[in-house]
Structure formats: C-alpha cells, structure tokens
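This is what each chain is made of:
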Amino acid sequence: MMHQANTEAILIVDDHVDNLRILSNILKHDYRVRAATSGEEALRLLAVVSPVPDLILLDIMMPGMDGYTVCKEIKADLRTREIPVVFLTARNQPEDEFQGFAVGAVDYVTKPVNPPLLLARIQAQLALAAQLKQARKTLEAGNRFVAKVIRERDASEAHVARLEHEIAERERAEAALRESQARFIRLTRGLKDHVLFFTHSLQGELLYVSEGFEFLSVTSHEEAIGQLWSDVVDWTPESLDHGLEQNRLLLAGDITIAEFEMAYQHPTFGLRYLTLHEYLIHEQGRVLIEGVAIDVTRQKLQEAQLRTLVRAVEQASASIVVSDHVGNIIYINPYFTQITGYYKEEIIGKNPRILKSGEHNQEFYQTMWATLSSGQTWRGEIVNRKKDGSLFWESTSISPILDTNGAVVNYVSVKEDISDRKSLDRLKEDVERIMRHDLKTPLNAIIGFPQVLEFDDNLTDEQREILALIKESGQKMLDMIDASLDLFKMETGRYIYMPQSVDIIELLLQLAKITQPRLEEKQLHIELTLGGCCVHVEKQLLVRADRRLLFSILSNLLSNAIEASPPAEIITIDLEQQEAVTLAMCNIGTVAEAIRKHFFEKYKTYGKQGGTGLGTYSAKLMSDVMGFKIYMDTSDTENRTCIWLTMPSSV
C-alpha cells in the first residue's frame with residue numbers, strides 16, 4: 001500500500017540540486033518533502049520547524065559539515081534524536097557503512113538510487129519508527145503507572161484508576177499495533193508482484209514470507225514456511241553460493257547489511273533477477289535474518305538494452321550529438337571529440353552554432369530549421385569549424401524527437417566526416433591545375449625551338465644542341481608531371497621521401513637554359529653567384545634532396561620571378577654554404593600587400609590573370625616534405641622580393 005500524500009514529512013539533505021530534484025520527484029507523491037543543501041542548513045531548519053520530520057535522507061559527502069557530523073548533531077538533540085536517519089550516498093565501502101550506523105543511522109542506501117527499493121526501505125523504516133514510537137509511549141505510560149501506583153499504593157481508589165488507565169493504554173497500544181500490522185499487510189499485498197518481505201533462521205528455515213513469494217515460485221507463501229530458502233527456489237548455482245556467502249559475512253559481523261543480487265529460474269517466465277537486502281534482528285532471544293527482495297528483472301533487461309545502445313553510440317564511427325528542445329547540446333559521443341577537438345566538458349550546454357564555419361549563408365540555416373520545425377528530418381552536407389579553427393565537411397542527418405503531444409523535446413544529429421572525400425575531389429582538380437602550371441616552362445622550350453628544324457636538313461652543331469635541349473625539356477616535363485601527381489601523396493602524408501646527393505648548381509644551369517626563351521622575351525638576365533662570386537660551370541654544390549622535386553621547386557620559383565620582373569632587369573640567385581646551403585632568388589618588384597601573409601597558401605593569388613595560387617603552394621609543400629625551410633621577403637623601400645630556401649648540405 002502506498003502512503004497517502006502529505007501525511008508524513010521527509011527532510012532531504014544533499015548539496016547537489018539535481019539529486020534533490022530527483023529524490024523529491026520520487027517521494028513527493030507519497031510524502032511531504034523538505035530539502036536542505038547543506039548540513040548547517042538542515043540543522044537550522046530542524047531547530048525551527050514544528051513538527052520535526054518523520055525521516056531524514058542524509059548525504060555524507062557535503063562541503064563544510066559532512067553527513068556523519070550532521071547525524072551526530074541530530075542524535076545529540078533531545079528534540080530530534082528519535083528521527084530515523086537514512087544515509088543516501090555514493091560511498092559504498094564497508095567502513096563507510098559501519099561509520100554510518102555507528103553515528104546513529106538506521107539504514108544506508110548507496111547511489112545511484114533505485115526508486116522502488118528506496119520507497120520500500122523508507123516505508124519499512126517509517127513503519128518501524130511508528131512501532132518504536134508507540135512502544136515507547138506504552139513503556140512511558142507503564143512507567144508512569146508504576147510510579148503512581150507506588151506513590152498512591154495506600155489509596156485503593158487511585159490504584160484502581162491507575163489500573164484502568166494502564167488497561168486503556170495497553171488497549172490503545174494493541175490497537176495501534178494491529179493497525180500497524182494491517183498497514184504492513186496492505187503494503188506487502190500491494191507490492192506483492194515486485195517486493196517480497198521475509199524472515200528466516202540462521203539455518204535458512206523460512207519463518208515468514210509475504211505474499212510476494214508467488215513471483216519466485218509456484219509454491220505458495222504459506223507452503224514455503226518451514227522450508228529452507230535455498231530449496232524452495234531454483235537459484236542459479238552462482239547465486240546460491242553468493243547468497244550463502246553474504247549470510248556468512250552478515251553472521252560474522254563483517255557487514256551490517258547485506259545488499260546483493262541473485263538470479264533464479266522461474267518455471268514459467270525463465271531467468272529472473274532479484275536485489276536482496278538483509279540484516280540481523282533479535283527476537284525472543286533468537287538471532288534471525290530479515291530482509292526484502294525486489295524483482296529487478298525488467299530493470300536488468302532495460303539496462304542490458306541501454307548498455308548495448310550506449311556501446312553502439314559510443315563506438316560509432318560517426319559524430320552523434322543530442323540537443324535539448326532549444327538546441328543546447330546535452331550529449332556527444334567520443335567520435336565527435338575526435339573529429340572536432342572539443343571535449344565533453346567544453347561543449348555540453350553550448351549551442352551547435354559553436355561549430356559554425358561562416359561558409360553557408362543565412363538561407364541555408366533557415367531552410368534547415370524550417371524542415372526541423374515541421375517535424376521532419378533534415379539531411380545535407382555542411383562545412384563546420386573545428387576547435388583549432390580548421391574547416392571540415394560533414395554529411396549530416398538531424399532528426400527532431402517528439403513527445404506524445406507532438407512537441408519537440410530533443411534533436412539527434414548523426415554526422416559523418418566527409419572531408420577526405422571532399423579533399424579528394426578537390427585534389428583531383430588541384431593535380432590537374434598544378435600539372436598545367438608546372439608544364440609552362442618546359443613547354444615554352446618545346447614549342448619555341450622546333451621551327452629551327454625547318455631551316456635545313458643538314459643540322460649544325462648549334463642545331464644539334466637545340467635538339468638536345470628540346471629532348472631535355474621533354475624529359476623535365478615528364479619529371480614535373482610525376483612531381484605533380486606526387487602532390488596528392490604529400491598532402492595526405494603518404495609520400496615516401498628518398499633523399500640523394502644533388503648538384504644544385506647543375507640544376508640551376510639546366511633551368512637557365514630551359515627558360516632562356518622566356519628570359520630573352522623580357523630581356524632578363526640571371527646572375528648566379530656562390531658566396532657572392534660568379535659560379536663556374538665546373539663548380540659543384542651538393543645538397544640532400546629529391547632531384548625531381550628540387551627541380552620542380554626551382555622551376556616554380558624562377559617562373560614566378562620571371563613573371564614578376566620588369567623587362568631588362570636581373571634576377572639574382574645567390575648560394576651560401578655553411579652548415580646548410582641557402583639559396584636566395586631575388587627579383588625587382590614587390591608582392592602585393594593583400595597576398596603577403598598568404599604567399600605560400602593554397603589558391604592564394606592576386607593580380608595575375610589565369611593564376612591558380614598553386615605554384616608557391618606546391619613549392620612549400622615539396623620543401624616541407626624534404627625538410628627544407630622556405631620563406632618570402634619583400635621590401636617596398638628596396639622594390640625587391642627574395643625567396644629564401646635553406647637545404648641540408650650533402651658533404
């Protein structure tokens with residue numbers, strides 16, 4: 001039987017507001033509930049409230065005065081010492097429970113709270129407290145009667161009056177006891193499908209079982225009396241051993257309350273689960289074991305399903321985000337952190353707009369929310385921003401979760417990172433653009449020199465040299481195509497760099513020959529120096545590099561220098577050899593202010609018709625792969641731009 005609302009008062013003491021709210025929701029239908037968020041507040045409340053609460057649920061771990069100290073204060077006050085105190089805490093060590101009972105608690109419940117169990121234990125403690133209160137009243141009445149009999153033993157009329165009073169008190173006590181017993185019977189009958197009360201001897205003989213025994217076995221509760229509890233239920237072997245061990249610990253005094261689970265096979269419903277709570281009692285000179293068993297089969301099944309769902313969500317290779325009805329995030333799975341860089345404590349309570357990239361216009365988001373507001377699922381691709389500021393693509397599905405009235409209570413987003421797919425699509429375009437860009441220099445030679453072959457069938461030495469140059473240009477073109485195709489591997493971190501000794505002077509001289517037509521077209525000259533002195537053809541300067549990649553870097557840089565230089569100027573290339581080799585390629589002219597900070601970034605170009613912004617980007621990418629350092633310096637005062645390239649020396 002459930003208590004009628006607002007008849008008994010319970011004070012909850014817990015410093016966590018969420019815990020107070022949960023407990024209040026559990027108890028408020030059956031009791032008058034008051035709450036305090038600290039031990040000090042609870043003591044102040046007890047000092048002024050009248051009447052005092054019928055029971056106190058007390059947390060242990062609180063700032064300031066802990067639960068043990070609060071319980072001592074309550075038990076030291078004559079006005080409150082008889083109030084039953086039940087500790088409700090996350091601390092579950094035996095020494096914690098021992099200390100709780102040592103300071104005067106009547107029960108010790110560990111978190112998380114099992115609502116049916118908590119209600120059953122509260123009801124049991126309130127019933128016990130009522131019986132104790134009534135017994136105490138009876139005892140006090142008896143004591144008063146005896147005192148008066150002694151004082152007035154010579155007055156027979158007074159003696160008779162006192163005797164009549166005693167009889168009346170006892171009758172009232174018996175009536176109260178009968179009412180308490182009736183209440184207990186109603187309680188056990190009302191909960192018989194889920195809760196079982198029992199008492200058994202130390203040998204395991206059942207002395208009392210409530211009507212709830214029927215949910216354990218086909219044996220009735222009357223037939224179970226006098227049998228061993230281990231025999232009347234088909235316990236699993238593990239549960240039987242566990243139950244016997246818990247009883248042994250209880251009898252040995254190692255624990256004061258045994259709380260454990262047992263499983264059994266029901267002849268009709270299969271495997272079932274119980275949570276048991278046992279304690280010792282003393283009755284008519286005997287030590288007995290008393291307790292309550294609660295059917296938790298449905299809860300176990302729900303927990304198993306929930307664990308399966310949680311594991312699926314936690315291990316999913318997609319970001320899963322749950323938001324409340326106004327869009328604030330209340331859950332993320334680990335993959336969300338892996339993709340975005342935001343940890344749970346950084347993102348919970350925030351709005352998903354924290355990921356907003358700025359790449360989509362307002363109409364995009366209006367369409368999304370219009371779909372969600374209509375109760376439908378929105379699907380699409382969206383660019384978001386990670387914690388480190390970088391952008392990434394997601395294929396997103398957002399579904400509204402509706403209550404029975406059709407109102408939105410949550411939003412669930414499932415998002416797949418498609419950045420690699422997007423990058424691959426973009427890279428395909430990049431490779432094509434880079435190949436076209438890098439092929440400009442050798443193709444100029446291939447296109448410019450064939451007309452010489454038309455002069456005469458008898459080639460001169462000079463013509464043969466030109467033909468050799470054409471062949472060399474063609475080969476360089478193939479090398480640069482290969483380098484362009486390798487850019488994809490470089491960007492994805494899969495390029496295998498195999499350095500070798502490369503003569504950078506030889507490469508620069510070859511590059512000067514290949515670009516000679518472009519140089520002559522703009523009347524430009526290249527001045528190649530080593531340590532400030534002119535370089536001789538036979539001079540060598542070895543660096544550690546990939547020959548093909550280094551040639552592509554130098555070709556890109558020289559091509560940009562030629563394009564940027566005014567006509568009839570000199571492009572200087574100076575080499576310095578110390579611990580490393582440093583190349584400085586300088587030309588007249590400056591880099592536009594708008595592009596200086598982004599000079600080596602992808603797709604960044606300015607004022608160059610048909611430019612892709614990939615030449616300097618590919619040079620930087622290949623430099624990074626080979627461990628080079630590259631940077632640009634432009635000066636408005638000197639009207640000069642230099643590219644600096646530092647390479648490891650190969651000695």
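One can find the structure itself at the top, above this paragraph.
What you see is a predicted model, and the numbers here were worked out from it, not measured in a lab. Every residue gets a number counted from 1 within its own chain, in the order that chain's sequence is written. Selection of residues for local features in this predicted model requires a pLDDT of at least 70, selection of side-chain atom pairs for listing and counting requires 80 or more, and totals for whole chains, interfaces and linings are taken over all residues. In computing side-chain values, all of the structure's heavy atoms are included and hydrogens and water are not.

## Regarding the overall build of the protein chain
No. 1: The number of helices and strands found in the protein chain is 20 helices and 23 strands.
No. 2: Burial classes follow relative accessibility: with a 1.4 Å probe on protein chains only, a residue under 20% of its type's maximum area counts as buried, one over 50% as exposed, and anything between as partly exposed. Here the protein chain holds 651 residues, and 42% of them are scored as buried.
No. 3: Put simply, 55% of the contacts in the protein chain that link residues at least 6 apart link residues at least 24 apart.
No. 4: Methods summary: accessible areas were calculated by the Shrake-Rupley approach with a probe of 1.4 Å, and residue burial reflects only the protein chains presented. Taken as a whole, the protein chain presents about 35,500 Å² of accessible surface, with 52% of it coming from carbon and sulfur. Strands here mean DSSP runs of E at least two residues long; helices mean DSSP runs of H or I at least four residues long; both are numbered from the N terminus. The contact definition used throughout considers only heavy atoms, calling two residues in contact when any of these lie within 4.5 Å.

## What to know about the sheet that holds strand β21 (residues 580-588)
No. 1: Here we have 6 strands laid out as an open sheet, ordered β18-β17-β20-β21-β23-β22, and mixed in their pairing. Every other strand in the sheet has two partners, leaving β18 (533-534) and β22 (629-635) as the edge strands with one partner each.
No. 2: Across 2 bridges, strand β17 (residues 525-530) lies against β18 in antiparallel orientation. By the bridge assignment, Thr529 is partnered in β18 with Cys534. The pairing criterion is simple: DSSP has to find at least two bridges between the two strands.

## Things to note about the state of the cysteines
No. 1: Note on disulfides: each one is a pair of cysteine sulfur atoms within 2.5 Å. As enumerated under the stated definition, the model contains 1 disulfide in all.
No. 2: Across the disulfide, Cys586 is cross-linked to Cys642 (sulfur-sulfur distance 2.0 Å). Here Cys586 and Cys642 share a disulfide; its torsion about the S-S bond, 115 degrees, makes the bridge right-handed. With a gap of 56 residues between them, Cys586 in strand β21 and Cys642 in strand β23 (residues 640-648) connect regions that are remote in the sequence.
No. 3: No disulfide involves Cys533; its sulfur sits 7.6 Å from that of Cys534, the nearest cysteine.
No. 4: Note on Cys534: relative accessible area 62%, which makes it exposed.

## Here's the deal with the pairing of strand β2 (residues 32-36)
No. 1: Across 5 bridges, strand β1 (residues 9-13) lies against β2 in parallel orientation. Pairing of Ala9 across the sheet is with Arg32, part of β2.
No. 2: When the strands point away from the viewer and the connection leading from the first strand across the helix to the second strand turns clockwise, the crossover is called right-handed. Once the chain exits β1 it traverses helix α1 (residues 17-27) before rejoining the sheet at β2, and the crossover so formed is right-handed.

## Notes on the side chain of Asp96
No. 1: One can find Asp96 in helix α4 (residues 94-102).
No. 2: Apart from the residues lying within four places of it in its own chain, the contact partners of Asp96 are Tyr68, Arg91 and Tyr108.

## Topic: unusual backbone geometry
No. 1: Going from Ser50 to Pro51, the amide bond is cis rather than trans, its omega being -5 degrees.
No. 2: On the secondary structure map, Pro51 appears in the loop between α2 (39-48) and β3 (55-58).
No. 3: For the bond running from Lys111 to Pro112, omega is 0 degrees, close enough to zero to count as cis.
No. 4: With respect to the secondary-structure elements, Pro112 resides in the loop between β5 (107-110) and α5 (115-151).
No. 5: With phi around 55 degrees, Gln523 is a residue other than glycine that occupies positive phi space.
No. 6: Relative to the helices and strands, Gln523 is located in the loop between α18 (516-521) and β17.
No. 7: Gln523 sits in the exposed class, given a relative accessible area of 53%.
No. 8: With a phi close to 50 degrees, Asn639 is a non-glycine residue in the positive phi region.
No. 9: Mapped onto the elements of the fold, Asn639 is located in the loop between β22 and β23.
No. 10: A relative accessible area of 37% places Asn639 in the partly exposed class.

## Here we look at the sheet that holds strand β15 (residues 408-417)
No. 1: On the basis of which strands lie adjacent, the open sheet formed by 5 strands has the order β12-β11-β15-β14-β13 and antiparallel pairing. In this open sheet, the two strands that pair with only one neighbour each are β12 (329-332) and β13 (378-385). Adjacent strand axes in the sheet meet at a mean angle of 30 degrees when their direction is disregarded.
No. 2: Pairing of strand β11 (residues 319-324) with β12, which is carried by 3 bridges, proceeds in the antiparallel orientation. Following the sheet pairing, Val322 is matched in β12 by Tyr331.
No. 3: The strands touched by helix α13 (residues 362-373) are β13, β14 (391-402) and β15; relative to β13, the strand with the most contacts, the crossing angle is about 140 degrees. Angles shown run from 0 to 180 degrees and are taken between the N-to-C directions of axes, each axis being a line fitted to C-alpha atoms and, for helices, limited to the stretch in contact.

## Here's the deal with α4
No. 1: Every buried residue of α4 is listed here: Asp96, Glu97 and Gly100. All buried residues of α4 lie within an arc of 95 degrees about the axis, which places them on one face of the element. Opposite the buried face of α4, at more than 90 degrees from it, the exposed residues are Glu95, Phe98 and Ala102.
No. 2: As for α4, its buried residues are in contact with α3 (67-76), β4 (85-89), β5 and β8 (257-266).
No. 3: Looking one or two residues beyond α4, the residue adopting positive phi is Gly104, at roughly 115 degrees. This arc is taken over the directions from the axis of the helix to the C-beta atoms.

## Some details on the packing of helix α17 (residues 504-514) against helix α19 (residues 547-564)
No. 1: α19 packs onto α17 with a crossing angle of 50 degrees between their chain directions and a minimal axis gap of 10 Å. Of the possible angle classes, the one that applies to α17 and α19 is oblique. Here the hand of the crossing between α17 and α19 comes out right-handed. Across the interface between the two elements, Ile504, Glu506, Leu507, Leu508, Gln510, Leu511 and Ile514 from α17 touch Arg547, Leu550, Phe551, Leu554, Ser555 and Leu558 from α19.
No. 2: For this classification, the nonpolar set comprises Ala, Val, Leu, Ile, Met, Phe, Trp, Tyr, Cys and Pro, the charged set comprises Asp, Glu, Lys and Arg, and every other residue, Gly included, is treated as polar. Its residues assigned to classes, the contact of α17 with α19 comprises 9 nonpolar, 2 polar and 2 charged. Oblique is the label for any angle not covered by the other classes, which are roughly parallel (under 35 degrees), roughly antiparallel (over 145) and roughly perpendicular (65 to 115). Handedness of each helix crossing follows the sense of rotation of the near helix against the far helix: counterclockwise by less than a right angle gives left-handed, clockwise gives right-handed.

## A short note on the environment of Leu583
No. 1: Relative to the elements of secondary structure, Leu583 occurs in strand β21.
No. 2: Leu583 sits in the buried class, given a relative accessible area of 0%.
No. 3: In this structure, the C-alpha to C-alpha distance between Leu583 and Met647, residues 64 residues apart in sequence, is 8.2 Å.
No. 4: Excluding residues within four positions of it along the chain, Leu583 makes contact with Ile504, Leu508, Leu554, Ile573, Asp574, Leu575, Ile643, Trp644, Leu645 and Met647.

## Some points on the nonpolar core
No. 1: Buried Ala, Val, Leu, Ile, Met, Phe, Trp, Tyr and Cys residues form a nonpolar core when they are joined through side-chain atoms within 4.5 Å. Ranked by size, the top nonpolar core spans 47 residues in total, and within it Ile504, Leu550, Leu554, Leu583, Leu645 and Met647 carry the most contacts.
No. 2: With 9 residues, the top contributor of residues to this core is α19.
No. 3: Filtering out sequence-adjacent residues up to four positions away, Leu554 remains in contact with Ile504, Leu507, Leu508, Leu511, Leu583, Met585 and Leu645.
No. 4: Residues Trp229, Val232, Trp235 and Met262 belong to the second largest nonpolar core, which totals 22 residues.

## Brief notes about the pattern of salt bridges
No. 1: By salt bridge we mean one thing: a side-chain nitrogen of Lys or Arg within 4 Å of a carboxyl oxygen of Asp or Glu. Evaluated as defined, the whole model comprises 17 salt bridges.
No. 2: Of the charged contacts in the structure, one is a salt bridge between Glu245 and Arg248, with a shortest N-O distance of 2.8 Å. Here Arg248 and Glu245 lie together in helix α9 (residues 237-252), a separation of 3 residues that amounts to about one turn.
No. 3: Residue Glu245 is classed as partly exposed on the basis of its relative accessible area, which comes to 33%.
No. 4: The exposure class of Arg248 is partly exposed, given its relative accessible area of 43%.
No. 5: The closest approach of N and O atoms between Lys620 and Asp624, which form a salt bridge, is 2.8 Å. Pair noted here: Lys620 and Asp624 are both in helix α20 (residues 615-626), with a separation of 4 residues, about one helical turn.
No. 6: Classification of Lys620 as partly exposed rests on a relative accessible area of 26%.

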